[in-house]
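# Coordinate inspection notes
Residue-level listing of the chains:
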Amino acid sequence: MKYTVKIGIIGGSGLDDPNIFKDSTEQKIITPYGDPSDSLICGKLNGVDCVLLARHGRKHSISPTNINYRANIWALKHLGCTHIIASSATGSLKEEIKPGDLVILDSFIDMTKNRKLTMFDKDDKVVHLPIEPPFSPELRSIIIETAQSLGIHVHHTGTAVVIEGPRFSTKAESNLYRLWNADLVNMTLIPEVVLAKEAGLLYATVAMATDFDCWREATEKVNVANVIKVFKENVKKITQLFIEVIPKIAEKHWDIEIDELNCLIQESVQSN
Ligand SMILES: CSC[C@H]1O[C@H](OP(=O)(O)O)[C@H](O)[C@@H]1O
Ligand SMILES: Nc1ncnc2[nH]cnc12
């Protein structure tokens, strides 16, 4: 096996400071892109090396637009991560995705307006990375199989619309995203998923639907309090899933997938 598995865990809203390691060390990393959202917490979970990072900082003080996504991904790569599993609170755009449900995302629609979308703008290289599939299919399969074995219901696919925020959507916007047949809406998936791929990291997001955004007449419109309430009520499903999935990820050999991704990145450099 060429690569030793190390798993980055990015905790989103409601999972800002998960205390899931027995023994851990804290690392403050400085990156060419500036500071990550917080110190990175290194430790072992079920015998597997992991690194934990709070996307909005452990005190939840950084809003979606201001998150230094490039520094976060760079720092996880720098610490030797090969994979990232992330959590995200999301609004449901579909009747059948209920608050509290988990969705293993497989696509996105980027509606952000004010983000640094690439790490490839530091030197004179121009890189056009094919993003499809944005989430590692193998990682998603392992997460889905593990959820099934734990009896945790998950939706196997889902497309998230990513908005700039920090405001939530209007009803017109929410209905437009529904017309596009999108499943969920959030504010942080972009550029995290893209940068992970640029960094050669295999990435998956477990999204939790926390609300019906604002399209559904019969339900209270989304607000921060109900997002956090629903997330906290259901967070055990995500932590249990992460704890069980991590040794399964570490059991597999990933040389083919990581080599393929590295080749794709090299082939994506434009040259004349
Ligand atoms: C707390 S409501 C909006 C907030 O929740 C989601 O955060 P994350 O993806 O980090 O779980 C959403 O994207 C917004 O940032
Ligand atoms: N309705 C919503 N819109 C955007 N981000 C969210 N995060 C959780 N619920 C959300």
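Note that the structure is a prediction, hence the values are computed from the model and not measured.

### Details of the packing of aromatic side chains
The geometry of an aromatic ring pair is captured by the separation of the ring centres together with the interplanar angle, meaning the angle of the planes. Enumeration according to the criterion identifies three aromatic pairs in this entry. Pairing phenylalanine 135 with tyrosine 203 gives two aromatic rings, centres 6.0 Å apart and planes at 35°, and the pair type is tilted. Of the two residues, phenylalanine 135 sits in the loop between strand 8 (126-127) and helix 2 (137-150) while tyrosine 203 sits in strand 12 (residues 202-211), which places them 68 residues apart along the sequence. With respect to class, phenylalanine 135 is no different from tyrosine 203; both count as buried. Ring plane angle 45° and centroid distance 5.5 Å describe the contact between tyrosine 177 and tryptophan 180, whose orientation is recorded as tilted.

### Let's talk about the UniProt feature "site: Important for substrate specificity" (unreviewed entry) in the chain
Mapped onto the present numbering, the UniProt feature "site: Important for substrate specificity" (unreviewed entry) falls on Ser169 and Val224. A maximum C-alpha distance of 13.0 Å among these annotated residues, which run over 56 residues, shows that they cluster at one spot. On the secondary structure map, serine 169 appears in the loop between strand 10 (159-163) and helix 3 (171-179). Excluding its chain neighbours within four sequence positions, the residues that come into contact with serine 169 are Ile163, Ser174, Tyr177, Val185, Asp213 and Cys214. Looking at the element boundaries, valine 224 is found in helix 5 (residues 224-251).

### A look at the nonpolar core
Ranked by size, the top nonpolar core spans 43 residues in total, and within it Ile7, Ile9, Ile85, Ile246 and Ile249 carry the most contacts. Sequence-distant contacts of isoleucine 7, defined by excluding residues within four places in its chain, comprise Val48, Asp49, Cys50, Val51, Cys81, His83, Ile85, Ile246 and Ile249.

### Points about the site of ligand 1
Around ligand 1, a shell composed of Gly12, Ser13, Arg55, His56, Pro64, Ser88, Ala89, Phe168, Asn186, Met187, Thr188 and Val227 is seen. Residue arginine 55 places a side-chain N or O atom 2.8 Å away from an oxygen atom belonging to ligand 1. Separating an oxygen atom of ligand 1 from a backbone N or O atom of alanine 89 is a distance of 2.8 Å. Relative to its unbound accessible surface of 390 Å², ligand 1 loses 93% to contact with the protein.

### With respect to the side chain of threonine 159
Along the polypeptide, threonine 159 turns up in strand 10. Among residues more than four places away in sequence, those in contact with threonine 159 are Asp106, Ser107, Phe108, Ile109, Ala182, Asp183 and Leu184.

### Things to note about the pairing of strand 4 (residues 48-54)
Taken across its seven residues, strand 4 has six buried, putting it largely inside the fold. With five bridges connecting them, strand 1 (residues 7-11) and strand 4 associate as parallel partners. For isoleucine 10, the partnering residue across the bridge sits in strand 4 and is leucine 53. Strand direction decides the pairing type here: strand 3 (residues 40-45) and strand 4, joined by five bridges, are antiparallel. The residue bridging glycine 43 from the neighbouring strand is cysteine 50, located in strand 4. The hairpin formed by strand 3 and strand 4 contains two residues between the paired strands, and asparagine 46 there has a positive phi angle of roughly 50°.

### Describing unusual backbone geometry
Proline 166 follows glycine 165 through a cis peptide bond whose omega is 0°. Tracing the chain through its elements places proline 166 in the loop between strand 10 and helix 3. Backbone torsion omega between isoleucine 190 and proline 191 reads 5°, so that peptide bond is classified as cis. Mapped onto the fold, proline 191 is located in helix 4 (residues 189-198). If you check the backbone angles, histidine 60 has positive phi at about 50° while not being a glycine. By the element assignment, histidine 60 lies in the loop between strand 4 and helix 1 (69-78).

### Notes on the UniProt feature "binding site: phosphate" (unreviewed entry) in the chain
Mapped onto the present numbering, the UniProt feature "binding site: phosphate" (unreviewed entry) falls on Ser13, Arg55, His56, Ser88, Ala89 and Thr188. Taking the farthest pair of C-alpha atoms as the criterion, the annotated set spanning 176 residues converges on one region, since that pair is 12.3 Å apart. Here arginine 55 shows up in the loop between strand 4 and helix 1. Residue classification places arginine 55 among the buried positions, given a relative accessible area of 2%. Those residues in contact with arginine 55 that sit more than four places away from it in its chain are Ile10, Gly11, Gly12, Ser37, Ile67, Asn72, Ala86, Ser87, Ser88, Thr188, Glu192 and Tyr203. You can see histidine 56 is positioned in the loop between strand 4 and helix 1. With residues up to four places along the chain from it excluded, the contact list for histidine 56 reads Gly12, Ser13, Asp16, Ser37, Ser61, Ile62, Ser63, Pro64, Ile67 and Thr188.

### A closer look at the pairing of strand 1
Taking burial as the measure, the five residues of strand 1 include five buried ones, the bulk of the element. Across the two faces of strand 1 the burial is the same, with Ile7, Ile9 and Gly11 and Gly8 and Ile10 all buried. Examined bridge by bridge, strand 1 and strand 5 (residues 83-92) share four bridges and lie parallel to one another. Across the sheet, isoleucine 10 pairs through a bridge with alanine 86, a residue of strand 5.

Rules behind the numbers
Residues numbered from 1 in each chain as written. Chains lettered and ligands numbered in written order. Predicted model: local features only at pLDDT ≥ 70, side-chain atom pairs only at ≥ 80, totals over all residues. Heavy atoms only, no water. Phe/Tyr/Trp six-rings, centres within 6.5 Å; stacked < 30°, edge-to-face > 60°. Helix = DSSP H or I, 4+ residues; strand = E, 2+ residues; numbered from the N terminus. Buried < 20%, exposed > 50% of the residue type's maximum accessible area, 1.4 Å probe, protein only. UniProt positions renumbered as here; feature names shortened; annotations may be inferred. Contact = heavy atoms within 4.5 Å. Core = buried A, V, L, I, M, F, W, Y, C linked by side-chain atoms within 4.5 Å. Near = heavy atom within 4 Å. Polar contact = N/O pair within 3.5 Å; in protein donor to acceptor, adjacent residues only side chain to side chain. Areas by Shrake-Rupley, 256 points an atom, 1.4 Å probe, with all protein chains shown as cover. Pairing = 2+ DSSP bridges.

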